[in-house]
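# Results of the structural survey
One-letter residues, chain by chain:
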Amino acid sequence: MPNVLAFAEQRDGKLRRASLEVMTAARTVADALGGEVHALLIAPRNTAAMAADLGRYGADKVLAGESAALAQYVPEAYARAVADAAGAGYHTVFFPASPMGKDLAPRVAVRLDAALASDVTAVGVESGELVVTRPIYGGRIFATVTVEGACRIVSLRPNVVRAAESAKAGTLQPLALPAEAGRTKVRELKAAGGAKLDVAEAPIVVSGGRGMKAPENWSMLEELAAALGGSCALGASRAVVDAGWRPHSEQVGQTGKTVSPQLYVAVGISGAMQHLAGMRSAKTIVAINKDADAPIFKVADFGIVGDAMEVVPRLTAELKKPR
Amino acid sequence: MKTYVCIKRVPDTESRLKVGADGKSIDGAGLKYIISPYDEYALETALRQKESAGAGEVIVISVGEATSGEQLRNALAMGADGAVLLRGQPTMDGLATARALAAELKSAGAELVLCGMKAADDEQQEVGPMLAELLDLPCVTGVAELEVQGGSIVCQREVEGGTEVVEAPLPAVVTITKGKFEPRYPSLKGIMAAKKKPLEEKDAQLPAGRIQVRQLTPPPERPAGRIVGQGVDAVPELVRVLREEAKVI
């Protein structure tokens, strides 16, 4: 039977939202093929509860391994575990296109000798063939491609597919995990403060550009992000990254990250072509810019023409008001 | 130390892209081509490592058509010591590309292999870790800074919420993102010297790609938006439409 395997990413014993989106995409493909969805979960604890959630979102079976040693991502051990489990023969193996998924999927692809389509935004099956959509050239072109071979690998861009409940058995099946630690060692994690979400993974992004005037004004955007809720990440235009105001990891656009959040708030960003391409597939775009002719307003759903320094604090205050 | 840097010829990221008449490829007419930006960061990293060590060799390697020779020459002008062109049709199937590179690198004596984190055209972000697996080498991805310490490398990599410091034994494969240093421009002297440097060409051992492009299209148009208003007075209306119409907050 043509079954589909879906890697479910967790953190601290909790499933990540992107994992549920992957279940929904996997379900789409499995249903078209008449097969089952098997989820694969590696976690330090709590696999039974997470397996129940995965069942609710469409997993017929959950292959789950508990290991304190693999609580954090260990590339080579994870690659072996997934490849061993997938060796049973799956039509397609799904990963979230999160930072972990983008590191893991290519390693598994080699072990399974399978072609990998990364960061896809739509999946479907046509006459038995797997057909996916991939934004390329920083989102300036969309490619529709077929992925061929005995097994195929897909990583799914976060926030694009809406996770939908589809209750299945979610039968828990223990998974033996490899003991190997791998050759790379994490020496240290220097936290930049808080458990920040990657800009490519966050459902809400607040992005700043030159109109923020100075790097110290980013506290205003941090406050706005906080008012928008815990699942908001900060982004930046190329201009302010090149000026050294913000780290490259926050850059949105062709030489940074291509993002598709539910809500993208562009503050003081005029909208260079490469930036627009990198965020135009957001569901809703808000622009705040003092230049009414700025190109950003051409892609924005809602705009305010005004000085970011005044509009942003007012917006934060308005969002904090009790409803 | 012998370092290989994998580079790719891509259209300039500032250029206007048009889908070709076949509907499956980019119209190359009038396009300017460059070394993919992250690959340039990888090359800069390799050149700086060689300079700080005071010894070593940096070889650039590319899978592509004869035209990719232009980017390899540019890399030589920036300071690479040698170049290898594996002639073949570029494919979106990164595993095919990685196999072609691995066939060349498996007995090349590379102590360090650097790749850009992702190519600016296909954005698959997969060739580096695939190459590592094929060569059975450790791999660190998304590295902003790299230092060689004896027989190991210490890498600073961007992760959610901070920077991870990862150590790996050499030989290793590392994919590079933007770090502290901008890629250098070739000097006139470098451009002259590049003409005399070796550029080896051979046919790539490139398996058939298993990702087939059916169609390329411009991104879907967005419906016309609206200006909610001017200045701070427009804020309450913006919050209202986000809550009641867009329902995103």
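Predicted model, so just to flag it, every value in this text is computed and none were measured.

## Remarks on the domain arrangement of chain A
Residues and elements named next belong to chain A. In terms of domains, chain A is made up of domain 1 (4–174) and domain 2 (204–320). Each of domain 1 and domain 2 has a C-alpha centre, and the two are 31 Å apart. Contacts between the two partners involve 11 residues from domain 1 and, on the opposite side, 11 residues from domain 2. For the pair domain 1 and domain 2, the two sides together bury roughly 890 Å², of which 45% comes from carbon and sulfur. Our count for the domain 1 to domain 2 interface comes out at zero salt bridges. At the junction of domain 1 with domain 2, the criterion picks out five residue pairs in polar contact (both at pLDDT 80 or more).

## Notes on empty space enclosed by the protein
Taken as a whole, this structure holds four cavities of 30 Å³ or more when the rule is applied. Volume-wise, the largest cavity comes out at about 370 Å³. Taken together, 25 residues line the largest cavity, and the ones lying closest to its centre are Lys8, Asp39, Thr97, Ala119 and Val127 of chain B. Class assignment of the residues belonging to the lining of the largest cavity gives a composition of 11 nonpolar, eight polar and six charged. Of the volumes computed, that of the second largest cavity is approximately 140 Å³. Contributing to the lining of the second largest cavity are 14 residues, with Lys102 and Asp119 of chain A together with Lys118, Glu123 and Gln125 of chain B lying nearest its centre.

## A short note on the packing of helix α5 (residues 218–227) of chain A against helix α9 (residues 308–320) of chain A
Residue and element names in this part refer to chain A. It is at 9 Å that the axes of α5 and α9 come closest, and there the two elements cross at 25°. The angle between α5 and α9 falls in the class roughly parallel. As for how α5 packs across α9, the hand of that crossing is left-handed. Contacts from Met220, Leu221, Glu223, Leu224 and Ala227 of α5 reach α9 at Ala308, Met309, Val312, Pro313, Leu315, Thr316, Leu319 and Lys320. Tallied by class, the residues present in the contact of α5 with α9 amount to 10 nonpolar, one polar and two charged.

## Observations concerning the packing of aromatic side chains
Applying the stated criterion to the full structure yields five aromatic pairs over all chains. Between the aromatic rings of Tyr73 of chain A and Tyr78 of chain A, the centroid separation amounts to 5.2 Å while the plane-to-plane angle is 85°, which identifies the pairing as edge-to-face. For the pair Tyr73 of chain A and Tyr78 of chain A, a shared accessibility class is recorded, and that class is buried. Chaining the aromatic ring pairs together yields one cluster made of Phe7, Tyr73, Tyr78 and Phe95 of chain A. One residue, Arg210 of chain A, lies across the ring of Trp245 of chain A, its end atom 5.6 Å from the ring centre. The ring of Tyr33 of chain B has Arg9 of chain B sitting right over it, with the charged end atom 4.1 Å from the ring centre.

## Notes on the pairing of strand β10 (residues 141–147) of chain A
All names here are of chain A. Buried residues dominate β10, accounting for six of its seven residues. In this sheet, β10 lies alongside strand β9 (residues 129–136) in antiparallel orientation, the contact comprising seven bridges. Among the inter-strand pairings, Arg134 is bridged to a residue of β10, identified as Ala143. Taken together, β9 and the strand that follows it, β10, pair antiparallel across an intervening segment of four residues, in which Tyr137 is found at a positive phi of about 50°.

## Remarks on the environment of Leu72 of chain B
All names here are of chain B. In this structure, Leu72 sits in helix α2 (residues 69–78). Look at Leu72 and you get buried, because its relative accessible area is 0%. Residues Leu72 and Ile35, spaced 37 residues apart in sequence, show a C-alpha to C-alpha distance of 8.3 Å. Residue contacts for Leu72: discarding those within four places in its chain leaves Ile7, Val60, Ile61, Ser62, Ala83, Val84, Leu85 and Leu199.

Parameters and conventions
- Residues numbered from 1 in each chain as written.
- Chains lettered and ligands numbered in written order.
- Predicted model: local features only at pLDDT ≥ 70, side-chain atom pairs only at ≥ 80, totals over all residues.
- Heavy atoms only, no water.
- Domains from an automatic or database assignment.
- Contact = heavy atoms within 4.5 Å.
- Buried area = accessible area lost by both parts, 1.4 Å probe.
- Salt bridge = Lys/Arg side-chain N within 4 Å of Asp/Glu carboxyl O.
- Polar contact = N/O pair within 3.5 Å; in protein donor to acceptor, adjacent residues only side chain to side chain.
- 1 Å grid on protein atoms, 1.4 Å probe; cavity = no way out; pocket = protein on both sides within 12 Å on 5 of 7 lines; lining within 4 Å.
- Points joined across faces, edges and corners; volume = space filled by probe spheres on them.
- Nonpolar A, V, L, I, M, F, W, Y, C, P; charged D, E, K, R; others polar.
- Axes fitted to C-alpha atoms, helices over the stretch in contact; angles between N-to-C directions.
- Helix = DSSP H or I, 4+ residues; strand = E, 2+ residues; numbered from the N terminus.
- Parallel < 35°, antiparallel > 145°, perpendicular 65-115°, else oblique.
- Left-handed = near helix turned anticlockwise from the far one by under 90°.
- Phe/Tyr/Trp six-rings, centres within 6.5 Å; stacked < 30°, edge-to-face > 60°.
- Buried < 20%, exposed > 50% of the residue type's maximum accessible area, 1.4 Å probe, protein only.
- Lys NZ or Arg CZ within 6 Å of the ring centre and 35° of its normal.
- Pairing = 2+ DSSP bridges.

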